[in-house]
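Structural characterization, general
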Amino acid sequence: MSNDGVLYGLPSEYNELRESVRALSEKEIAPHAQAVDEDHRYPQEASDALLKSGLFAAHVPTEFGGDGADALATVIIIEEVARVCGASSLIPAVNKLGSLPLMLGGNKEQKERWLTPLAKGKGFSYCLSESEAGSDASALKTKAEKVGDNWVINGSKKWISNAGVSEFYTVIAQCDPSKGSKGITAFIVEKSDPGISFGAPEKKMGFRGSPTREVYFDNVTISDDRRISEIGGGFSLAMDTLDHTRITIAAQALGIAQGALDVATKYSHERKQFGKEIFDFQGVQFMLADMAMNIEAARALTYAAAAKSERADKDLKFFSAASKAFASDVAMKVTTDAVQVLGGYGYVSDYPVERMMRDAKLTQIYEGTNQIQRIVMARNLPND
Ligand code: COS
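**Some thoughts on the domain arrangement of the chain**
The domains assigned to the chain are domain 1 (3–119), domain 2 (124–234) and domain 3 (239–379). Placing a centre on the C-alpha atoms of domain 1 and another on those of domain 2 gives a separation of 24 Å. Contacts between the two partners involve 24 residues from domain 1, matched on the other side by 19 residues from domain 2. A combined buried area of about 1900 Å² lies between domain 1 and domain 2, and 63% of that area is made up of carbon and sulfur atoms. On the surface where domain 1 and domain 2 come into contact, there are 1 salt bridge. The closest approach of N and O atoms between D225 and R113, which form a salt bridge, is 3.4 Å. At the surface where domain 1 touches domain 2, the tally comes to 6 residue pairs in polar contact (both at pLDDT 80 or more). Where the side of domain 1 that touches domain 2 is concerned, the elements lending two or more residues are α1 (12–38), α4 (86–105) and α5 (108–119). Of the residues forming the side of domain 1 that touches domain 2, the biggest block, 12 residues, is contributed by α4.

**Some words on the site of the ligand**
Contacts to the ligand come from 21 residues, most closely from S135, K182, D243, R246 and R379. Residue S135 places a main-chain N or O atom 2.8 Å away from a nitrogen atom belonging to the ligand. Measuring from a nitrogen atom of the ligand, one finds a side-chain N or O atom of D243 at 3.0 Å. Relative to its unbound accessible area of 990 Å², the ligand is 69% covered by the protein chains.

**What to know about the pattern of salt bridges**
The tally for this structure, following the rule as stated, stands at 25 salt bridges. Put simply, D262 and R83 hold a salt bridge, and the shortest N to O gap is 2.9 Å. Linking D262 in helix α6 (residues 234–270) with R83 in the loop between α3 (71–82) and α4, this pair joins segments that are 179 residues apart in sequence. For the pair formed by D262 and R83, the shared burial category is buried. Put simply, R18, R22, E79, E80, E296 and R299 are held in one network by salt bridges that share partners.

So, how was this worked out
Residues numbered from 1 in each chain as written. Predicted model: local features only at pLDDT ≥ 70, side-chain atom pairs only at ≥ 80, totals over all residues. Heavy atoms only, no water. Domains from an automatic or database assignment. Contact = heavy atoms within 4.5 Å. Buried area = accessible area lost by both parts, 1.4 Å probe. Salt bridge = Lys/Arg side-chain N within 4 Å of Asp/Glu carboxyl O. Polar contact = N/O pair within 3.5 Å; in protein donor to acceptor, adjacent residues only side chain to side chain. Helix = DSSP H or I, 4+ residues; strand = E, 2+ residues; numbered from the N terminus. Near = heavy atom within 4 Å. Areas by Shrake-Rupley, 256 points an atom, 1.4 Å probe, with all protein chains shown as cover. Buried < 20%, exposed > 50% of the residue type's maximum accessible area, 1.4 Å probe, protein only.

Pasting the structure below:
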(Lines give C-alpha, C1' and ligand atoms only; values in the text may rest on other atoms or scores of the structure.)
Protein backbone atom coordinates (compact mmCIF):
# COMPACT_ATOMS: atom_id res chain seq x y z
CA MET A 1 0.00 0.00 0.00
CA SER A 2 1.42 3.39 -0.94
CA ASN A 3 1.20 6.60 0.99
CA ASP A 4 -1.41 7.89 -1.42
CA GLY A 5 -4.34 9.62 0.18
CA VAL A 6 -2.45 10.77 3.23
CA LEU A 7 0.09 12.80 1.28
CA TYR A 8 -1.62 16.13 1.81
CA GLY A 9 -4.23 15.07 4.31
CA LEU A 10 -6.80 15.27 1.53
CA PRO A 11 -10.39 15.90 2.63
CA SER A 12 -12.01 12.62 3.65
CA GLU A 13 -14.27 12.44 0.58
CA TYR A 14 -11.23 11.99 -1.67
CA ASN A 15 -9.84 9.22 0.53
CA GLU A 16 -13.23 7.52 0.59
CA LEU A 17 -13.45 7.84 -3.19
CA ARG A 18 -10.02 6.25 -3.54
CA GLU A 19 -10.96 3.37 -1.27
CA SER A 20 -14.19 2.68 -3.13
CA VAL A 21 -12.59 2.90 -6.61
CA ARG A 22 -9.73 0.68 -5.45
CA ALA A 23 -12.16 -1.92 -4.14
CA LEU A 24 -14.20 -1.81 -7.35
CA SER A 25 -11.06 -2.01 -9.51
CA GLU A 26 -9.65 -4.98 -7.61
CA LYS A 27 -12.95 -6.85 -7.69
CA GLU A 28 -14.46 -6.03 -11.07
CA ILE A 29 -11.66 -4.78 -13.32
CA ALA A 30 -8.39 -6.50 -12.35
CA PRO A 31 -9.68 -10.05 -12.97
CA HIS A 32 -10.24 -9.22 -16.67
CA ALA A 33 -7.18 -7.05 -17.31
CA GLN A 34 -4.96 -9.80 -18.70
CA ALA A 35 -7.65 -11.25 -20.99
CA VAL A 36 -8.57 -7.80 -22.28
CA ASP A 37 -4.91 -7.24 -23.19
CA GLU A 38 -4.34 -10.70 -24.69
CA ASP A 39 -7.55 -10.70 -26.70
CA HIS A 40 -7.29 -7.05 -27.77
CA ARG A 41 -10.88 -6.55 -26.70
CA TYR A 42 -12.77 -3.62 -25.23
CA PRO A 43 -12.98 -3.95 -21.43
CA GLN A 44 -16.75 -4.33 -21.35
CA GLU A 45 -16.79 -5.65 -17.77
CA ALA A 46 -14.91 -2.55 -16.63
CA SER A 47 -17.16 -0.29 -18.68
CA ASP A 48 -20.27 -1.84 -17.10
CA ALA A 49 -18.83 -1.68 -13.58
CA LEU A 50 -17.73 1.95 -14.01
CA LEU A 51 -21.14 2.91 -15.37
CA LYS A 52 -22.97 1.21 -12.52
CA SER A 53 -20.86 3.10 -9.99
CA GLY A 54 -21.15 6.50 -11.67
CA LEU A 55 -17.50 6.44 -12.74
CA PHE A 56 -17.93 6.09 -16.51
CA ALA A 57 -17.87 9.87 -16.90
CA ALA A 58 -17.89 11.10 -13.31
CA HIS A 59 -16.74 14.59 -14.38
CA VAL A 60 -20.16 15.34 -15.93
CA PRO A 61 -21.86 18.00 -13.79
CA THR A 62 -24.74 16.84 -11.59
CA GLU A 63 -27.22 19.03 -13.49
CA PHE A 64 -26.65 16.76 -16.49
CA GLY A 65 -26.87 13.53 -14.52
CA GLY A 66 -23.19 13.06 -13.73
CA ASP A 67 -21.36 12.91 -10.42
CA GLY A 68 -19.81 16.35 -10.80
CA ALA A 69 -16.38 14.96 -9.92
CA ASP A 70 -13.84 17.78 -9.77
CA ALA A 71 -10.42 17.53 -11.43
CA LEU A 72 -8.75 15.89 -8.42
CA ALA A 73 -11.55 13.35 -7.94
CA THR A 74 -11.33 12.47 -11.64
CA VAL A 75 -7.57 12.04 -11.28
CA ILE A 76 -8.06 9.68 -8.34
CA ILE A 77 -10.63 7.61 -10.26
CA ILE A 78 -8.34 7.26 -13.29
CA GLU A 79 -5.29 6.57 -11.11
CA GLU A 80 -7.00 3.76 -9.22
CA VAL A 81 -8.41 2.09 -12.33
CA ALA A 82 -5.03 2.38 -14.09
CA ARG A 83 -3.36 0.72 -11.10
CA VAL A 84 -4.93 -2.54 -12.27
CA CYS A 85 -5.81 -1.94 -15.95
CA GLY A 86 -4.55 0.88 -18.18
CA ALA A 87 -7.04 0.18 -20.98
CA SER A 88 -9.98 0.43 -18.58
CA SER A 89 -8.70 3.71 -17.17
CA LEU A 90 -8.98 5.14 -20.67
CA ILE A 91 -12.77 4.94 -20.40
CA PRO A 92 -13.18 7.82 -17.91
CA ALA A 93 -10.13 9.60 -19.38
CA VAL A 94 -11.35 9.53 -22.99
CA ASN A 95 -14.87 10.49 -21.93
CA LYS A 96 -13.47 13.57 -20.24
CA LEU A 97 -11.21 14.41 -23.19
CA GLY A 98 -14.03 13.99 -25.71
CA SER A 99 -16.58 16.04 -23.80
CA LEU A 100 -14.43 18.78 -22.30
CA PRO A 101 -14.55 20.96 -25.44
CA LEU A 102 -18.34 20.82 -25.11
CA MET A 103 -18.16 21.69 -21.41
CA LEU A 104 -15.81 24.60 -22.12
CA GLY A 105 -17.35 25.87 -25.35
CA GLY A 106 -20.91 24.59 -25.69
CA ASN A 107 -24.19 26.28 -24.72
CA LYS A 108 -26.73 24.93 -22.23
CA GLU A 109 -28.83 23.06 -24.82
CA GLN A 110 -25.76 21.44 -26.34
CA LYS A 111 -24.55 20.33 -22.91
CA GLU A 112 -27.97 18.93 -22.08
CA ARG A 113 -28.08 17.15 -25.44
CA TRP A 114 -24.74 15.32 -25.19
CA LEU A 115 -23.60 15.32 -21.57
CA THR A 116 -26.79 13.68 -20.31
CA PRO A 117 -26.41 10.58 -22.51
CA LEU A 118 -22.68 10.55 -21.75
CA ALA A 119 -23.44 10.19 -18.04
CA LYS A 120 -25.71 7.27 -19.00
CA GLY A 121 -22.97 5.39 -20.85
CA LYS A 122 -22.72 6.85 -24.35
CA GLY A 123 -18.97 7.39 -24.78
CA PHE A 124 -17.29 10.50 -26.17
CA SER A 125 -14.09 10.55 -28.27
CA TYR A 126 -11.80 13.40 -29.27
CA CYS A 127 -10.77 13.76 -32.91
CA LEU A 128 -7.84 16.13 -33.33
CA SER A 129 -4.88 14.13 -34.74
CA GLU A 130 -4.52 13.19 -38.38
CA SER A 131 -2.00 11.08 -40.26
CA GLU A 132 -0.02 14.21 -41.22
CA ALA A 133 -0.95 16.35 -38.21
CA GLY A 134 0.23 14.82 -34.94
CA SER A 135 2.51 17.11 -32.93
CA ASP A 136 1.81 19.81 -35.53
CA ALA A 137 -1.87 19.76 -34.66
CA SER A 138 -2.83 22.99 -36.43
CA ALA A 139 -1.75 21.46 -39.78
CA LEU A 140 -4.93 19.36 -39.74
CA LYS A 141 -6.74 19.04 -43.05
CA THR A 142 -10.16 17.61 -42.24
CA LYS A 143 -12.46 20.15 -43.83
CA ALA A 144 -15.73 21.64 -42.63
CA GLU A 145 -17.50 23.60 -45.34
CA LYS A 146 -20.55 25.77 -44.84
CA VAL A 147 -23.19 24.74 -47.37
CA GLY A 148 -26.41 26.69 -46.85
CA ASP A 149 -27.31 26.33 -43.17
CA ASN A 150 -25.30 23.14 -42.77
CA TRP A 151 -21.68 22.09 -42.34
CA VAL A 152 -20.26 19.35 -44.52
CA ILE A 153 -17.28 17.50 -43.06
CA ASN A 154 -14.76 15.57 -45.15
CA GLY A 155 -11.46 14.02 -44.16
CA SER A 156 -10.06 11.57 -41.66
CA LYS A 157 -8.70 11.45 -38.14
CA LYS A 158 -6.05 9.09 -36.77
CA TRP A 159 -5.22 7.52 -33.40
CA ILE A 160 -8.72 8.02 -32.04
CA SER A 161 -9.15 6.25 -28.71
CA ASN A 162 -12.35 4.26 -28.26
CA ALA A 163 -13.40 5.06 -31.83
CA GLY A 164 -16.29 2.88 -32.91
CA VAL A 165 -17.29 2.29 -29.29
CA SER A 166 -18.04 5.94 -28.51
CA GLU A 167 -21.36 7.41 -29.53
CA PHE A 168 -20.13 11.00 -29.83
CA TYR A 169 -17.04 12.60 -31.46
CA THR A 170 -15.63 16.06 -30.99
CA VAL A 171 -14.18 16.85 -34.38
CA ILE A 172 -11.67 19.64 -34.88
CA ALA A 173 -11.87 20.70 -38.52
CA GLN A 174 -10.50 23.38 -40.82
CA CYS A 175 -13.05 25.85 -42.24
CA ASP A 176 -10.64 28.28 -43.84
CA PRO A 177 -7.12 27.03 -44.60
CA SER A 178 -5.99 30.55 -45.51
CA LYS A 179 -6.36 31.46 -41.83
CA GLY A 180 -4.22 28.60 -40.45
CA SER A 181 -5.01 27.81 -36.83
CA LYS A 182 -7.54 30.68 -36.85
CA GLY A 183 -9.62 28.85 -39.47
CA ILE A 184 -10.20 25.81 -37.24
CA THR A 185 -13.60 25.08 -35.66
CA ALA A 186 -14.97 22.37 -33.30
CA PHE A 187 -18.06 20.26 -34.00
CA ILE A 188 -19.84 17.26 -32.55
CA VAL A 189 -20.50 14.34 -34.84
CA GLU A 190 -22.56 11.34 -33.78
CA LYS A 191 -21.83 7.73 -34.63
CA SER A 192 -25.24 7.47 -36.29
CA ASP A 193 -24.58 10.39 -38.66
CA PRO A 194 -24.49 9.22 -42.29
CA GLY A 195 -20.97 9.39 -43.72
CA ILE A 196 -18.95 8.56 -40.58
CA SER A 197 -17.05 5.26 -40.58
CA PHE A 198 -14.16 3.63 -38.76
CA GLY A 199 -10.91 1.89 -39.70
CA ALA A 200 -9.66 -1.41 -38.35
CA PRO A 201 -8.31 -1.35 -34.78
CA GLU A 202 -4.59 -0.50 -34.68
CA LYS A 203 -2.29 -3.31 -33.56
CA LYS A 204 -0.68 -1.68 -30.56
CA MET A 205 2.18 -2.48 -28.20
CA GLY A 206 0.04 -1.74 -25.17
CA PHE A 207 -3.39 -0.46 -24.14
CA ARG A 208 -4.63 -3.28 -26.31
CA GLY A 209 -8.03 -3.34 -24.65
CA SER A 210 -8.76 0.16 -25.79
CA PRO A 211 -9.64 0.30 -29.48
CA THR A 212 -7.73 2.92 -31.47
CA ARG A 213 -9.05 3.48 -34.96
CA GLU A 214 -9.09 5.95 -37.78
CA VAL A 215 -12.33 7.86 -38.21
CA TYR A 216 -13.47 8.81 -41.72
CA PHE A 217 -15.85 11.60 -42.64
CA ASP A 218 -17.43 11.37 -46.06
CA ASN A 219 -19.75 14.33 -46.63
CA VAL A 220 -21.00 14.19 -43.05
CA THR A 221 -23.68 16.88 -43.06
CA ILE A 222 -24.62 18.49 -39.77
CA SER A 223 -26.51 21.59 -38.73
CA ASP A 224 -24.95 24.60 -37.06
CA ASP A 225 -26.19 23.49 -33.64
CA ARG A 226 -23.39 20.90 -33.75
CA ARG A 227 -20.77 23.63 -33.68
CA ILE A 228 -19.31 24.07 -30.18
CA SER A 229 -16.74 26.79 -30.79
CA GLU A 230 -16.76 30.14 -32.48
CA ILE A 231 -15.95 29.81 -36.16
CA GLY A 232 -12.13 29.88 -36.08
CA GLY A 233 -12.03 29.28 -32.31
CA GLY A 234 -11.58 25.53 -32.53
CA PHE A 235 -7.82 25.33 -32.18
CA SER A 236 -7.75 27.39 -29.00
CA LEU A 237 -10.57 25.27 -27.62
CA ALA A 238 -8.69 22.08 -28.52
CA MET A 239 -5.53 23.36 -26.80
CA ASP A 240 -7.47 24.63 -23.77
CA THR A 241 -8.97 21.16 -23.47
CA LEU A 242 -5.56 19.48 -23.49
CA ASP A 243 -4.37 21.84 -20.75
CA HIS A 244 -6.97 20.21 -18.49
CA THR A 245 -6.87 16.65 -19.75
CA ARG A 246 -3.12 16.05 -19.92
CA ILE A 247 -3.46 15.78 -16.15
CA THR A 248 -5.66 12.71 -16.62
CA ILE A 249 -2.82 11.07 -18.53
CA ALA A 250 -0.49 11.95 -15.67
CA ALA A 251 -3.03 10.22 -13.40
CA GLN A 252 -3.06 7.18 -15.63
CA ALA A 253 0.75 7.01 -15.67
CA LEU A 254 0.78 7.39 -11.91
CA GLY A 255 -1.68 4.54 -11.48
CA ILE A 256 0.27 2.24 -13.80
CA ALA A 257 3.49 3.02 -11.90
CA GLN A 258 1.83 2.42 -8.54
CA GLY A 259 0.42 -0.88 -9.76
CA ALA A 260 3.88 -1.99 -10.90
CA LEU A 261 5.50 -0.95 -7.61
CA ASP A 262 2.86 -2.81 -5.60
CA VAL A 263 3.43 -5.99 -7.60
CA ALA A 264 7.23 -5.66 -7.37
CA THR A 265 7.22 -5.03 -3.61
CA LYS A 266 4.98 -8.00 -2.94
CA TYR A 267 7.08 -10.22 -5.18
CA SER A 268 10.31 -9.12 -3.48
CA HIS A 269 8.98 -10.49 -0.19
CA GLU A 270 7.76 -13.76 -1.71
CA ARG A 271 10.73 -14.62 -3.90
CA LYS A 272 13.62 -16.32 -2.14
CA GLN A 273 17.13 -16.64 -3.58
CA PHE A 274 20.37 -17.41 -1.77
CA GLY A 275 18.25 -18.49 1.19
CA LYS A 276 16.44 -15.21 1.80
CA GLU A 277 13.79 -12.88 0.41
CA ILE A 278 15.18 -10.87 -2.50
CA PHE A 279 13.83 -7.83 -0.62
CA ASP A 280 16.67 -8.35 1.86
CA PHE A 281 19.23 -7.47 -0.80
CA GLN A 282 20.11 -3.80 -0.76
CA GLY A 283 20.23 -3.68 -4.57
CA VAL A 284 16.52 -4.53 -4.67
CA GLN A 285 15.68 -2.20 -1.79
CA PHE A 286 17.34 0.72 -3.58
CA MET A 287 15.28 0.03 -6.71
CA LEU A 288 12.01 -0.15 -4.77
CA ALA A 289 12.87 2.98 -2.80
CA ASP A 290 13.63 4.94 -5.98
CA MET A 291 10.42 3.74 -7.58
CA ALA A 292 8.36 4.83 -4.56
CA MET A 293 10.18 8.17 -4.29
CA ASN A 294 9.57 9.03 -7.94
CA ILE A 295 5.93 7.98 -7.75
CA GLU A 296 5.32 10.26 -4.77
CA ALA A 297 6.97 13.16 -6.62
CA ALA A 298 4.77 12.46 -9.66
CA ARG A 299 1.70 12.26 -7.43
CA ALA A 300 2.50 15.60 -5.81
CA LEU A 301 2.88 17.29 -9.20
CA THR A 302 -0.24 15.65 -10.62
CA TYR A 303 -2.45 16.60 -7.68
CA ALA A 304 -1.09 20.15 -7.76
CA ALA A 305 -1.90 20.31 -11.49
CA ALA A 306 -5.41 18.99 -10.80
CA ALA A 307 -5.99 21.75 -8.24
CA LYS A 308 -4.78 24.28 -10.82
CA SER A 309 -7.13 22.80 -13.42
CA GLU A 310 -10.06 23.14 -11.05
CA ARG A 311 -9.23 26.79 -10.36
CA ALA A 312 -8.18 27.45 -13.99
CA ASP A 313 -4.99 29.03 -12.65
CA LYS A 314 -2.75 31.02 -14.98
CA ASP A 315 0.09 28.52 -14.64
CA LEU A 316 -2.12 25.54 -15.52
CA LYS A 317 -0.47 25.12 -18.95
CA PHE A 318 2.95 24.64 -17.35
CA PHE A 319 1.68 22.35 -14.61
CA SER A 320 -0.46 20.13 -16.80
CA ALA A 321 2.38 19.62 -19.30
CA ALA A 322 4.87 19.08 -16.47
CA SER A 323 2.67 16.57 -14.66
CA LYS A 324 2.05 14.57 -17.84
CA ALA A 325 5.70 14.50 -18.88
CA PHE A 326 7.04 13.78 -15.42
CA ALA A 327 4.50 11.13 -14.42
CA SER A 328 4.77 9.29 -17.73
CA ASP A 329 8.59 9.28 -17.62
CA VAL A 330 8.33 7.96 -14.06
CA ALA A 331 5.85 5.30 -15.19
CA MET A 332 8.23 4.12 -17.92
CA LYS A 333 11.17 3.90 -15.51
CA VAL A 334 9.19 2.33 -12.68
CA THR A 335 7.53 -0.32 -14.83
CA THR A 336 10.87 -1.20 -16.46
CA ASP A 337 12.43 -1.57 -13.00
CA ALA A 338 9.46 -3.63 -11.82
CA VAL A 339 10.11 -6.06 -14.67
CA GLN A 340 13.76 -6.16 -13.53
CA VAL A 341 12.79 -6.93 -9.92
CA LEU A 342 10.69 -9.85 -11.13
CA GLY A 343 13.43 -11.06 -13.47
CA GLY A 344 12.27 -13.75 -15.89
CA TYR A 345 8.83 -13.74 -14.26
CA GLY A 346 8.54 -10.06 -15.08
CA TYR A 347 9.15 -10.71 -18.75
CA VAL A 348 6.25 -13.11 -19.19
CA SER A 349 2.55 -12.48 -18.83
CA ASP A 350 2.17 -14.58 -15.64
CA TYR A 351 2.58 -11.24 -13.83
CA PRO A 352 1.08 -7.93 -14.98
CA VAL A 353 4.30 -5.88 -14.98
CA GLU A 354 5.20 -6.59 -18.62
CA ARG A 355 1.73 -5.32 -19.63
CA MET A 356 2.22 -2.28 -17.42
CA MET A 357 5.59 -1.58 -19.06
CA ARG A 358 4.00 -1.74 -22.51
CA ASP A 359 1.12 0.46 -21.37
CA ALA A 360 3.44 3.00 -19.74
CA LYS A 361 5.15 3.67 -23.07
CA LEU A 362 2.01 5.19 -24.56
CA THR A 363 1.66 7.70 -21.75
CA GLN A 364 4.92 9.28 -22.95
CA ILE A 365 3.43 9.65 -26.43
CA TYR A 366 -0.26 10.48 -26.48
CA GLU A 367 -2.04 13.73 -25.63
CA GLY A 368 1.17 15.29 -26.85
CA THR A 369 4.58 13.64 -26.85
CA ASN A 370 6.79 14.47 -23.90
CA GLN A 371 8.88 16.58 -26.28
CA ILE A 372 5.77 18.67 -27.01
CA GLN A 373 5.09 18.92 -23.27
CA ARG A 374 8.55 20.39 -22.83
CA ILE A 375 7.84 22.94 -25.56
CA VAL A 376 4.64 23.91 -23.74
CA MET A 377 6.52 24.14 -20.44
CA ALA A 378 9.30 26.28 -21.90
CA ARG A 379 6.82 28.61 -23.59
CA ASN A 380 5.07 29.09 -20.27
CA LEU A 381 8.07 29.89 -18.09
CA PRO A 382 7.51 33.19 -16.27
CA ASN A 383 9.75 35.91 -17.64
CA ASP A 384 8.99 39.07 -15.73
N1 COS B 1 -4.50 27.22 -24.97
C2 COS B 1 -5.20 28.10 -25.73
N3 COS B 1 -4.77 28.53 -26.91
C4 COS B 1 -3.59 28.06 -27.37
C5 COS B 1 -2.82 27.13 -26.63
C6 COS B 1 -3.32 26.73 -25.39
N7 COS B 1 -2.63 25.85 -24.61
N8 COS B 1 -1.71 26.82 -27.33
C9 COS B 1 -1.78 27.54 -28.47
N10 COS B 1 -2.91 28.28 -28.49
C11 COS B 1 -3.32 29.24 -29.51
C12 COS B 1 -2.23 30.28 -29.57
O13 COS B 1 -2.50 31.32 -28.65
C14 COS B 1 -2.25 30.75 -31.00
O15 COS B 1 -3.19 31.78 -31.14
P16 COS B 1 -2.64 33.28 -31.39
O17 COS B 1 -2.06 33.23 -32.76
O18 COS B 1 -3.86 34.11 -31.25
O19 COS B 1 -1.61 33.54 -30.35
C20 COS B 1 -2.75 29.54 -31.76
O21 COS B 1 -3.37 28.66 -30.80
C22 COS B 1 -1.62 28.82 -32.45
O23 COS B 1 -0.66 28.57 -31.45
P24 COS B 1 0.83 28.22 -31.76
O25 COS B 1 1.36 29.11 -32.85
O26 COS B 1 1.56 28.19 -30.46
O27 COS B 1 0.67 26.77 -32.33
P28 COS B 1 1.78 25.80 -32.81
O29 COS B 1 1.42 25.40 -34.18
O30 COS B 1 3.15 26.33 -32.53
O31 COS B 1 1.51 24.50 -31.88
C32 COS B 1 1.65 23.12 -29.95
C33 COS B 1 1.50 24.54 -30.51
C34 COS B 1 2.88 22.43 -30.50
C35 COS B 1 1.79 23.30 -28.46
C36 COS B 1 0.38 22.33 -30.31
O37 COS B 1 0.27 22.11 -31.69
C38 COS B 1 0.28 21.00 -29.59
O39 COS B 1 -0.09 20.95 -28.42
N40 COS B 1 0.62 19.90 -30.30
C41 COS B 1 0.42 18.58 -29.77
C42 COS B 1 -0.95 18.15 -30.05
C43 COS B 1 -1.35 17.01 -29.19
O44 COS B 1 -1.21 17.03 -27.98
N45 COS B 1 -1.89 16.00 -29.83
C46 COS B 1 -2.35 14.86 -29.14
C47 COS B 1 -3.67 14.53 -29.70
S48 COS B 1 -4.93 14.60 -28.59
S49 COS B 1 -4.89 12.77 -27.90
